[in-house]
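Observations on the three-dimensional arrangement
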Amino acid sequence: MKPAILVARAIFPDVLTRLSTHFEVESNQEDIIFSPTQLAEKLRDKAGALTTSSARINRELLQQLPNLKMVANMAVGYDNFDLPAMAEFGVQASNTPDVLNETTADFGWALMMATARRITESEHWLRDGQWHKWRYDYFLGADLHGSTLGIIGMGRIGQAIARRSTGFNMKVIYHNRSRLSSEQEALANHAQYVSKEEVLRQADHLMLILPYSTASHHTIGAAELAQMKPTATLTNLARGGIVDDQALIAALRTNQIAAAGLDVFENEPRFNPDFLSLKNVVLTPHIASASEATRRAMANCAADNLIAGLSGQRPPNLLTLL
Ligand code: 8YV
């Protein structure tokens, strides 16, 4: 008999078809966001699950699921997993690294450029019928070329973002838990490793692309925003919770920094509505990895992990140390 799995959110139909050659699949193409109780119920008789960041796999859930062997997250981030609890309950975990690096880096640039050059603000103005003449000082923004790009979180996506800056003749400074090798720094447009304070003080454009954990909670709050240049932009591609959104709203409202580009928010999708009253912010609904090819690659990568894990092989992107 094939093992039973839950695909916890809607997914490409052909990936479901692929999974059903290996498993008895319960799908959720209606894309209902299950409550913890519903998720526990759905998973009770399952050996595996394919999840996204919306499913919390924690101790309370695992206690109810003696049959569960593996959860494959369709995301590189896995802050929705309690890895120590998963290891304790003998449940393998995997994520989808690498396949989304370049697409996410592309999007980081799109968001940073839209923020620096006021693309959405000016488009709203145009759509509003306010464009009656040209003026020398309409929508003056900040240059990217020749400026200093500061990156906090210099993993694979951070390095892909830094690499792209060579064409813009930018200086790159970064802060990370550990320093890159000199070869990696050279490939990342000769990025210079500095303290977090130096990144904040020197960056003209600050890019946040670090994993979320209790240690990185509110990496950027009121004190950090106060250290930034008043002309600086901030782009958050990482996770809600890396930035204290309330403090950011206050900083944007008082022009303590120039502008922000945000793809992720605290408590998303029910983000702080005060962002909507600000002109100097570009808001996108967590779409940095959303290209057709990359979302397919992520879905197939999660499927590869689940297929390997539930057939007794080592999943290519195993996270749990069992
Ligand atoms: C996902 C992401 O789309 O990979 C990640 O960590 O943030 C996004 O690419 C999202 O988390 C859905 O699982």
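Our subject is the structure that appears above.
Predicted model, so just to flag it, every value in this text is computed and none were measured.

Another point: the site of the ligand. Within the structure, the ligand sits among Thr52, Ser53, Met74, Ala75, Val76, Gly77, Leu100, Arg239, His286, Ser289, Arg295 and Met298. Ser289 places a polar side-chain atom, nitrogen or oxygen, 2.7 Å from an oxygen atom of the ligand. At a separation of 3.1 Å, an oxygen atom of the ligand approaches a polar side-chain atom of Arg295. For the shell around the ligand, the residue count by class is five nonpolar, five polar and two charged.

Moving on, we come to the sheet that holds strand E2 (residues 24-26). Taking strand neighbours across the sheet as the criterion, the five strands line up as E2-E1-E3-E4-E5 in an open arrangement whose pairing is parallel. Since the sheet does not close on itself, it has two edges, and those belong to E2 and strand E5 (92-94), each with one partner. Strand-to-strand, the axes of this sheet are offset by a mean angle of 15°, without reference to chain direction. Against the sheet, helix H12 (residues 292-310) contacts strand E1 (4-7), strand E3 (48-51), strand E4 (70-73) and E5, and its axis sits at roughly 165° relative to E4.

For the rest of this paragraph, the subject is the packing of aromatic side chains. The full count for this structure, using the stated rule, is seven aromatic pairs. Taken together, a centroid distance of 5.1 Å and an interplanar angle of 75° make the contact between Trp125 and Phe139 edge-to-face. Remark: Phe139 occurs in the loop between helix H6 (119-127) and strand E6 (148-152) and Trp125 occurs in helix H6; sequence separation between them is 14 residues. Residue classification places Phe139 among the partly exposed positions, given a relative accessible area of 22%. Between Tyr174 and Tyr193, the aromatic rings sit 5.2 Å apart at their centres with planes inclined by 55°, giving tilted as the arrangement.

To continue, consider the pairing of strand E10 (residues 233-236). Of the two faces of E10, the one holding Thr233 and Thr235 and the one holding Leu234 and Asn236 are both buried throughout. Judged from the four bridges that link them, strand E9 (residues 205-208) and E10 form a sheet pairing that is parallel. Pairing of Leu208 across the sheet is with Asn236, part of E10. Taking the sense of rotation as the criterion, the β-α-β connection linking E9, helix H10 (residues 222-227) and E10 turns out right-handed. As defined by bridge partners, E10 adjoins strand E11 (residues 259-262) across four bridges and the pair is classed as parallel. Note on E11: the bridge partner recorded for Leu234 is Ala260. Since E10 and E11 lie parallel, the crossover through helix H11 (residues 245-253) that links them has a hand, and here it is right-handed.

About the cut-offs
- Residues numbered from 1 in each chain as written.
- Predicted model: local features only at pLDDT ≥ 70, side-chain atom pairs only at ≥ 80, totals over all residues.
- Heavy atoms only, no water.
- Near = heavy atom within 4 Å.
- Polar contact = N/O pair within 3.5 Å; in protein donor to acceptor, adjacent residues only side chain to side chain.
- Nonpolar A, V, L, I, M, F, W, Y, C, P; charged D, E, K, R; others polar.
- Pairing = 2+ DSSP bridges.
- Helix = DSSP H or I, 4+ residues; strand = E, 2+ residues; numbered from the N terminus.
- Axes fitted to C-alpha atoms, helices over the stretch in contact; angles between N-to-C directions.
- Contact = heavy atoms within 4.5 Å.
- Phe/Tyr/Trp six-rings, centres within 6.5 Å; stacked < 30°, edge-to-face > 60°.
- Buried < 20%, exposed > 50% of the residue type's maximum accessible area, 1.4 Å probe, protein only.
- Right-handed = clockwise from strand over helix to strand, strands pointing away.

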